[in-house]
Amino acid sequence: MANSVESVIRSAVSKGLGVVADFNRRRMTAAPHPYLEGIHAPMKEELTIVDLPVTGTIPAALDGRYLRIGPNPVNPDPAGYHWFTGDGMVHGITVSGGKALWYRNRWIRSRSVGAALRQPAAPGPRHGGFDTVNTNVVEIGGRTWALVEAGSYPVELDEELGEQTYNPFDDTLQGSFTAHPHLDPLTGENHAIAYEATDPGAIRHIVIAADGKVVREEPIAVANGPSIHDCAITSRYAIILDLPVTFSMKALIGGHRFPYQWNPDHQARIGLLPRAGRAADVIWCPVPAAYVFHVANAFDDADGKVVLDVCAYETMFDHATGGPNGRNRGLERWTIDPVAREVTIRTLDPAPQEFPRPDERRFGQPYRYAYTMALPADEADEFVGATALYKHDLAAGTRETHDFGAGRHPGEFVFVPAHADAGEDKGWLIGLVVDLPNETTDLAIIDARDFSAEPLASVRIPHRIPPGFHGNWLPRRA
């Protein structure tokens, strides 16, 4: 009964805050918004394009789909808009037999998107009132899922992105999920750290078994409602990034759709949770104030310490821009001593960069190579604007660059091994590149061992796909 009463109270409070937020949002100046124009201007329709033109030769081993998701508001409104909250749109390209068979883009059919398009919303249960899903698209348990953090249940997608169903992993997920579950290639489990926008006092460690069912949701007490975008695993631990971007009631009431801000009073810390442990077993280690969106990888070293490689920022969301802001410190190695409860930070590469990806067959294990997207040197360039990718050889301490040239802006690229037993960098980097002067987009395929050379192949999409968040290669299953 107490839980029911608490739910009613929370619902009433949320509705009241929503009324105040809507009122204050209407008073905001509807000025041009950097994440709604230029390279970020949303697409206005759903398309199906077959037999896409290919330059070069697509490797014969590539048989599957490249999927990428990001924000694409149906009815863009600059008042209070934040890049992280736009209606989700998933883009897909199917490749087989050396050909690009089709491109499709589809909005995720939240209730608001369905109403705007005058079409039925996707079926399935909702978790709370927020059902926008726009951040990652992955394979779990042999099925395709669109994901977001802090609110909605995942959305299951069919092969051609048309059938969509809100699905809490066949009713095994109780609360919100994350945009960044990580597959342990040694166990087949996915691990995640999830937070609830409506519950600032707790996060959860979630484990999904190889069959796609949730087998663990361990609550862990926190303060201030931290925004935890990513996590990591090692053979011993799930790693929690409790950093000083936290829920802001002032931002929410003020009409901002993304109510998280830099909080210098929140103690930055890293939590090492034994993978089968309880909340009381977390080893908390303070770290100097910083923020991390994305982890490259983590592993246990021979001395019993934990190595965590991240792209770090001095601050994040310390002023309102409608998207990420703050000086990027580059790629860093955080070495965590669980006995002394200390974190040592070493810069691996000071160049601004984001979206680090390893060969994910090595996730949670020692590894050698990481691939990242360059960021503009000037943070005022609003996150997108550089033209290069980086390949880091962490053993040699070297960096290679692949530059696409002026006006050509890559997003996150994912490593695809040439075959199951291929070496750690024997394979391809795949991702989208916006050709802004020509308002087109290429799916580029780069040989990871000839990184700076021209792409092996480029698939031309005859329109600009706005920059998004995360994409993955999903191989065809027998």
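Residues numbered from 1 in each chain as written. Predicted model: local features only at pLDDT ≥ 70, side-chain atom pairs only at ≥ 80, totals over all residues. Heavy atoms only, no water.

With respect to the nonpolar core
Grouped together as the largest cluster of nonpolar side chains are 68 residues, with contacts concentrated most on Ile 240, Ile 270, Leu 308 and Trp 334. With 27 residues, the next largest nonpolar core counts Met 43, Ala 100, Val 113 and Ile 445 among its residues. (Core = buried A, V, L, I, M, F, W, Y, C linked by side-chain atoms within 4.5 Å. Buried < 20%, exposed > 50% of the residue type's maximum accessible area, 1.4 Å probe, protein only.)

A closer look at the sheet that holds strand E18 (residues 269-274)
The strand order across the open sheet built from 4 strands is E14-E15-E18-E19, with neighbouring strands paired in antiparallel fashion. Strands with a single pairing partner mark the edges of an open sheet, and in this sheet they are strand E14 (232-233) and strand E19 (283-286). Bridge analysis of E18 against E19 gives 4 bridges, and the strand direction is antiparallel. Looking at E19, one finds that Leu 272 is bridged to Ile 283. (Pairing = 2+ DSSP bridges. Helix = DSSP H or I, 4+ residues; strand = E, 2+ residues; numbered from the N terminus.)

Some words on the pattern of salt bridges
Where charged atoms from two side chains of opposite charge approach closely, those side chains can pair. Overall, the coordinates contain 30 salt bridges when judged by the stated rule. Measuring nitrogen to oxygen at the nearest pair gives 3.6 Å for the salt bridge that ties Glu 189 to Arg 275. With Glu 189 in the loop between strand E10 (182-183) and strand E11 (190-196) and Arg 275 in the loop between E18 and E19, this pair connects stretches of sequence that are 86 residues apart. For Glu 189, a relative accessible area of 26% puts it in the partly exposed group. Glu 332 is the partner of Arg 329 in a salt bridge, and the nearest nitrogen-oxygen pair spans 2.8 Å. We note that Arg 329, like Glu 332, is buried. Because the salt bridges share partners, they merge into one network encompassing Arg 143, Glu 156, Asp 170 and Lys 213. (Salt bridge = Lys/Arg side-chain N within 4 Å of Asp/Glu carboxyl O.)

Details of the pairing of strand E20 (residues 291-300)
The buried fraction of E20 amounts to 10 of the 10 residues, a majority that puts the element mostly inside the structure. Two strands pair when backbone bridges link them, and E20 and strand E21 (residues 306-313) are joined in this way by 8 bridges, in the antiparallel orientation. Pairing of Asp 300 across the sheet is with Val 306, part of E21. Joining the antiparallel neighbours E20 and E21 is a turn of 5 residues, in which Gly 304 adopts a positive phi near 85 degrees.

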